[in-house]
Every structure is written in C-alpha cells, then in structure tokens.
Amino acid sequence: EQACPRPHLVVVPLSTLPNWERELATWAPAFNVVTLNGSAEARKIILGHELFTPAPLGRRFLDKGSLQERVKFNVLLTSYEILLAE
C-alpha cells in the first residue's frame, strides 16, 4: 500500500455509482469511502457529518493545512448530477 495524499474526489455516471462503491470496497477496503447521493436532506446530513471532524472551539476560520487534517474520508464518490446540485 502506497501513501497517497487524501482526499480524492471521484465523479462517475449516476448509473455506475453502485459498481464503483463495490469496486472500491473490493480493491481499497482500508479506504473510508463516502458516497454523496440520495435526497437533498440525505446529502445535507452527509455534508454536515461525514466529511470533516468538528473544528476546534474558538477557531472559526481555519487555514488549508488545518482543514486537511480534519478530513475524515479518503474518497468522496458522487455523480455529475449530484455535484451540480450541490
């Protein structure tokens, strides 16, 4: 396993999203894959809770390095349609 900076954004056709989930689970089981899909309410929950750890108290605006350290996922998997909706 090689070190590769995270996170990664993978944008695929909506019809192949389940296939990509399965392949990532097979070939990269150690990766935390977050799939951004579903209703607007479901996506709001995913965006609010699955992508980053909470910011430290008193630090509202973080530099890029701090934000990188707070990332909870290795791969964000979504479709072009969902990406445009967000």
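Before any of the text, the structure's been laid out above.
Cut-offs used in this document
- Residues numbered from 1 in each chain as written.
- Predicted model: local features only at pLDDT ≥ 70, side-chain atom pairs only at ≥ 80, totals over all residues.
- Heavy atoms only, no water.
- Helix = DSSP H or I, 4+ residues; strand = E, 2+ residues; numbered from the N terminus.
- Buried < 20%, exposed > 50% of the residue type's maximum accessible area, 1.4 Å probe, protein only.
- Contact = heavy atoms within 4.5 Å.
- Areas by Shrake-Rupley, 256 points an atom, 1.4 Å probe, with all protein chains shown as cover.
- Pairing = 2+ DSSP bridges.
- Axes fitted to C-alpha atoms, helices over the stretch in contact; angles between N-to-C directions.
- Core = buried A, V, L, I, M, F, W, Y, C linked by side-chain atoms within 4.5 Å.
- Patch = residues over 30% accessible without salt bridge, like charges linked within 9 Å, V, L, I, M, F, W, Y side chains within 5 Å.
- Salt bridge = Lys/Arg side-chain N within 4 Å of Asp/Glu carboxyl O.
- Polar contact = N/O pair within 3.5 Å; in protein donor to acceptor, adjacent residues only side chain to side chain.

Trainee: What is the right way to read the overall build of the chain from this model?
Mentor: If you tally the helices and strands in the chain, you get four helices and three strands. Along the chain, helices (α) and strands (β) appear in the sequence β-α-β-α-α-β-α when read from the amino end. Every one of the 86 residues in the chain was classed for burial, and the buried ones make up 26%. For the chain, restricting intrachain contacts to residue pairs at least 6 apart in sequence, the fraction spanning at least 24 positions comes to 64%. For the chain, the exposed area adds up to about 6,400 Å²; of that, 59% sits on carbon and sulfur atoms.

Trainee: Just checking my understanding: could you explain the sheet that holds strand β3 (residues 75–79) for this structure?
Mentor: Note: strands within a sheet are paired through backbone hydrogen bonds, in either parallel or antiparallel orientation. The strand order across the open sheet built from three strands is β1-β3-β2, with neighbouring strands paired in parallel fashion. With partners counted over all chains shown, the strands left at the sheet margins are β1 (8–12) and β2 (33–36), one partner each. Ignoring which end each strand starts from, the neighbouring axes of this sheet average 20° apart. Packed onto the sheet, helix α1 (residues 17–27) meets β1, β2 and β3 and runs at close to 160° relative to β3.

Trainee: Looking at this model, I keep getting lost on the nonpolar core. Mind explaining?
Mentor: Soluble globular proteins tend to bury their nonpolar side chains together. Counting residues in each nonpolar core, the largest one holds eight residues, listed as Val 34, Leu 36, Ile 46, Leu 51, Val 71, Phe 73, Leu 76 and Ile 82. Of all hydrophobic cores here, the second largest spans six residues; its members include Val 10, Leu 17, Val 75 and Leu 77.

Trainee: Sorry, what's going on with a nonpolar patch on the surface here?
Mentor: Nonpolar side chains collect at one region of the surface, where Leu 9, Val 11, Tyr 80, Leu 83 and Leu 84 lie side by side and expose about 500 Å² of accessible area between them. Going through the elements one at a time, β1 and α4 (80–85) are the ones with two or more residues in the nonpolar patch. Top contributing element to the nonpolar patch by residue count: α4, with three residues. Tracing the backbone shows Tyr 80 in helix α4. Take Tyr 80: its relative accessible area is 51%, and that puts it in the exposed class.

Trainee: Sorry if this is basic, but what is going on with the side chain of Asn 74 here?
Mentor: Inspection of the secondary structure puts Asn 74 in the loop between α3 (64–69) and β3. Here Asn 32 takes part through its backbone nitrogen, which lies 2.8 Å from a polar atom of the side chain of Asn 74. Discounting chain neighbours no more than four positions away, the residues touching Asn 74 are Arg 6, Pro 7, His 8, Ala 30, Phe 31 and Asn 32.

Trainee: Just to check I follow, could you spell out the side chain of Thr 78 for this structure?
Mentor: Inspection of the secondary structure puts Thr 78 in strand β3. Not counting residues within four places of it along the chain, the set of residues in contact with Thr 78 comprises Leu 9, Val 10, Val 11, Val 12, Leu 17, Leu 36 and Leu 83.

Trainee: Teacher, can you tell me more about the environment of Ile 82 here?
Mentor: The residue Ile 82 is located in helix α4 in this model. Measuring from C-alpha to C-alpha, the distance between Ile 82 and Gly 38 comes to 8.5 Å, with 44 residues separating the pair along the chain. Residues within four places of Ile 82 in sequence aside, it is in contact with Leu 36, Asn 37, Gly 38 and Arg 43.

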